[in-house]
Amino acid sequence: MEAGRPRRAGRASRLTELVAWACVSLCAASRPPWAEHYGTKSRYWAAGDVGSWLPPARCTQLHLSGLIRHGTRYPTRRNVPRMLEVHRLVKEQADAGRRLVQALAAWRMWYHERMDGRLHRLGASEMAGLAERLAAASPRLLTPQSYREQRVKFLTSSKHRCVNSTSSFIRGLQSHLGLGDQGARQWEVNDELLRFFDSCQKYVRSVGNNDTALHQMELFKQGPEVQRVIQNVAKKLGLLPGAISCDMVETTFYLCIYEFTLKGVVSPWCDLFDKEDVEVLEYLGDLKQYWKTSYGYEINGLSSHKLFQNIFQYIDQTIEENERNQPISHSAVLRFGHAETLLPVLTLLGYFKDEHPLLANNFEEQRDRKFRSGRISPLAANLIFVLYQCNETQSLGEKYKLQLFLNERPLPFPQTGNLIAGYDEVKNHYQHLIDALRFSNMTCS
């Protein structure tokens, strides 16, 4: 079935989701050998290891707090004219005698502006599948009773791809819990928490709307590595030097990525690139994310401080209620946002920080870098905090433990390398970030 064509109304069933996930698994065998270099547009590959979620000895799950990126989406509106331009260039100016050019010219342009970043049906299946796996891994927290009593809380960005991801997650959770299709549970739209990069004025001024903020990325575009990629693409198309720009090359790369991500096919657009080319273009994308959402500027991480505090406030509330022998108000809080939501929080936590910054002139030195946006925040990426209550004979500091999962894999704490830590230990390490008085309103003013 064509990826852009909707299924017949009323056919969105569990069978449909299983078929979609089966397609993902089968397509993995035919994916390009460099698909792991597709940056934040990379496909999500579920870990599927429920065993790694087992509580520590003599501990039980008490609270789950999640930050989830929306599922696989269509291209945004601004990318479609660029795709049309590149396709037109190939048909009108490339060497028509070449087999690759003939394949690209015959390729049918099926993207249109109405898609505008909307959630793809694969993204809906990703969210439903994630809900089922989280519920299976957290049987004490995501239960029919906690769901009915609305002790499972949902927060989302206002963007339709996030709202639809939330809805798909809820349907998957209802299905797993045997609740049937009870319609959409109410969720809270909260852009202040999940699109803080729009409201943090200091970030907007210094990074978001600052033309010089991505200086390193622009320098890299003019550097020898990117220029070599442009020359390679022009040569494969039989174009004269200068006929294709860096932006056009990026667009062809996006076409390769979207064809694989949305349709599960290795497109002829991918044949324009060698593995070395893809690694260069991945670095170009990582430069953008590094300087716009992560360690490039201090405000990138600090801009997410309200979301960061929100996560710990719910954990603190759970511990306080438990100590008072009160019912737990929220067994789980699930938040749905963007790559630009997740990366700053991971930055505040101190993850994936390289010894040296990513720069235009150190591509070779950064081949083994920690900061790879596609591995950290692919489509449907998720960061999960799990709070445990442990043996009550221990001190209060040892009674509550915390574990983190990134994309369903255990994430060691950066300060110790341990997979599980006492909550007091974690909170003390991040106290300067959690304390609202230390930020006040100065952070984003």
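Values in this document were obtained by computation on a predicted structure and should not be read as measured data. (Residues numbered from 1 in each chain as written. Predicted model: local features only at pLDDT ≥ 70, side-chain atom pairs only at ≥ 80, totals over all residues. Heavy atoms only, no water.)

1. Focus on the nonpolar core
And step 1. Counting 101 residues, the largest nonpolar core has Tyr111, Leu237, Ile244 and Leu383 as its most contacted members.
And step 2. In terms of residue count, helix α12 (residues 246-263) provides more of this core than any other element does, 10 residues in total.
And step 3. Excluding anything up to four places from it in sequence, leucine 237 contacts Val90, Ala94, Asp95, Arg98, Val101, Leu104, Ile244 and Leu272.
And step 4. Membership of the second largest hydrophobic core comes to 30 residues, among which are Cys59, Ala131, Leu334 and Tyr388. (Core = buried A, V, L, I, M, F, W, Y, C linked by side-chain atoms within 4.5 Å. Buried < 20%, exposed > 50% of the residue type's maximum accessible area, 1.4 Å probe, protein only. Helix = DSSP H or I, 4+ residues; strand = E, 2+ residues; numbered from the N terminus. Contact = heavy atoms within 4.5 Å.)

2. Describing the environment of proline 55
And step 1. Its place among the elements puts proline 55 in the loop between α1 (14-28) and β1 (60-69).
And step 2. Each C-alpha atom of the pair proline 55 and cysteine 390 lies 9.3 Å from the other, and the pair is 335 residues apart in sequence.

3. Considering empty space enclosed by the protein
Over the atoms a probe the size of a water molecule is rolled, and this reveals where empty space is left.
And step 1. Going through the model one piece at a time under the given rule, you end up with 2 cavities of 30 Å³ or more.
And step 2. Reported here for the second largest cavity is a volume of approximately 30 Å³.
And step 3. In this structure, the second largest cavity is lined by Ser294, Tyr295, Leu343, Leu346, Thr347, Tyr351, Phe352, Phe371 and Ile376.
And step 4. Ranked by the residues each element gives to the lining of the second largest cavity, the list is headed by helix α16 (residues 339-349), at 3 residues. (1 Å grid on protein atoms, 1.4 Å probe; cavity = no way out; pocket = protein on both sides within 12 Å on 5 of 7 lines; lining within 4 Å. Points joined across faces, edges and corners; volume = space filled by probe spheres on them.)

4. Some points on the side chain of serine 377
And step 1. Structurally, serine 377 is set in the loop between α17 (373-376) and β5 (382-389).
And step 2. Aside from chain neighbours lying at most four places away, what touches serine 377 is Thr40, Arg69, Ala339, Leu342 and Leu343.

5. Some details on the confidence of the model for the chain
And step 1. Per-residue pLDDT for the chain has a mean of 89; in total, 87% of the residues score no lower than 70.
And step 2. Predicted confidence is poor over residues 1-29, with pLDDT under 50, and the contacts of this stretch with residues over four places away or in other chains come to 34 contacts. (pLDDT = per-residue confidence, 0-100.)

6. Considerations on the state of the cysteines
And step 1. The final tally for this structure, using the stated rule, is 3 disulfides.
And step 2. There is a disulfide in this structure between cysteine 256 and cysteine 270, and the S-S distance comes to 2.1 Å. Handedness of the cysteine 256-cysteine 270 disulfide follows from its S-S torsion of about 95°: it is right-handed. A residue pair is termed long-range when its members are at least 10 positions apart, and cysteine 256 in helix α12 and cysteine 270 in the loop between α12 and α13 (275-293) qualify at 14 residues.
And step 3. For cysteine 256, a relative accessible area of 1% corresponds to the buried category.
And step 4. Sequence-ordered numbering of the disulfide-bonded cysteines in the chain gives the connectivity 1-5, 2-6, 3-4. (Disulfide = S-S within 2.5 Å.)

7. A word on the pattern of salt bridges
And step 1. All told, the structure shown has 22 salt bridges when counted by the stated rule.
And step 2. Where lysine 306 meets glutamate 192, a salt bridge forms, and the shortest distance between an N and an O atom there is 2.7 Å. Taken together, the residues lysine 306 in helix α15 (residues 305-323) and glutamate 192 in helix α7 (residues 191-194) connect sequence positions 114 residues apart.
And step 3. The exposure class assigned to lysine 306 is partly exposed, which follows from its relative accessible area of 38%.
And step 4. What makes glutamate 192 partly exposed here is its relative accessible area of 45%. (Salt bridge = Lys/Arg side-chain N within 4 Å of Asp/Glu carboxyl O.)

8. Quick look at the packing of aromatic side chains
And step 1. As enumerated under the stated definition, the model contains 24 aromatic pairs in all.
And step 2. Between phenylalanine 308 and phenylalanine 312, the aromatic rings sit 5.2 Å apart at their centres with planes inclined by 45°, giving tilted as the arrangement. Of the two residues, phenylalanine 308 and phenylalanine 312 are both situated in helix α15; the distance of 4 residues between them amounts to about one turn of the helix.
And step 3. For phenylalanine 308, a relative accessible area of 2% puts it in the buried group.
And step 4. Note on phenylalanine 312: relative accessible area 1%, which makes it buried.
And step 5. Following the ring pairs from residue to residue traces out a cluster consisting of Tyr74, Trp107, Trp110, Tyr111, Tyr258 and Trp269.
And step 6. Over the ring of tyrosine 254 we find lysine 41, and its NZ or CZ is 4.4 Å from the ring centre.
And step 7. Across from the ring centre of phenylalanine 260, 4.9 Å away, lies the NZ or CZ of arginine 43, which sits over that ring. (Phe/Tyr/Trp six-rings, centres within 6.5 Å; stacked < 30°, edge-to-face > 60°. Lys NZ or Arg CZ within 6 Å of the ring centre and 35° of its normal.)

9. Observations concerning the packing of helix α2 (residues 79-93) against α12
And step 1. Direction vectors running N to C along α2 and α12 enclose 100°, while the axes themselves pass 9 Å from each other. By the angle between their axes, α2 is roughly perpendicular relative to α12. Of the residues in α12, those touching α2 at Asn79, Arg82, Met83, Glu85, Val86 and Leu89 are Met248, Thr251, Thr252, Tyr254, Leu255 and Tyr258.
And step 2. Residue composition of the contact of α2 with α12, grouped by class: 7 nonpolar, 3 polar and 2 charged. (Axes fitted to C-alpha atoms, helices over the stretch in contact; angles between N-to-C directions. Parallel < 35°, antiparallel > 145°, perpendicular 65-115°, else oblique. Nonpolar A, V, L, I, M, F, W, Y, C, P; charged D, E, K, R; others polar.)

10. Section: the side chain of asparagine 362
And step 1. Mapping asparagine 362 onto the fold places it in the loop between α16 and α17.
And step 2. The class for asparagine 362 is buried, based on a relative accessible area of 10%.
And step 3. One polar contact links asparagine 362 to tyrosine 283, side chain to side chain, over a distance of 2.7 Å.
And step 4. Those residues in contact with asparagine 362 that sit more than four places away from it in its chain are Tyr283 and Pro357. (Polar contact = N/O pair within 3.5 Å; in protein donor to acceptor, adjacent residues only side chain to side chain.)

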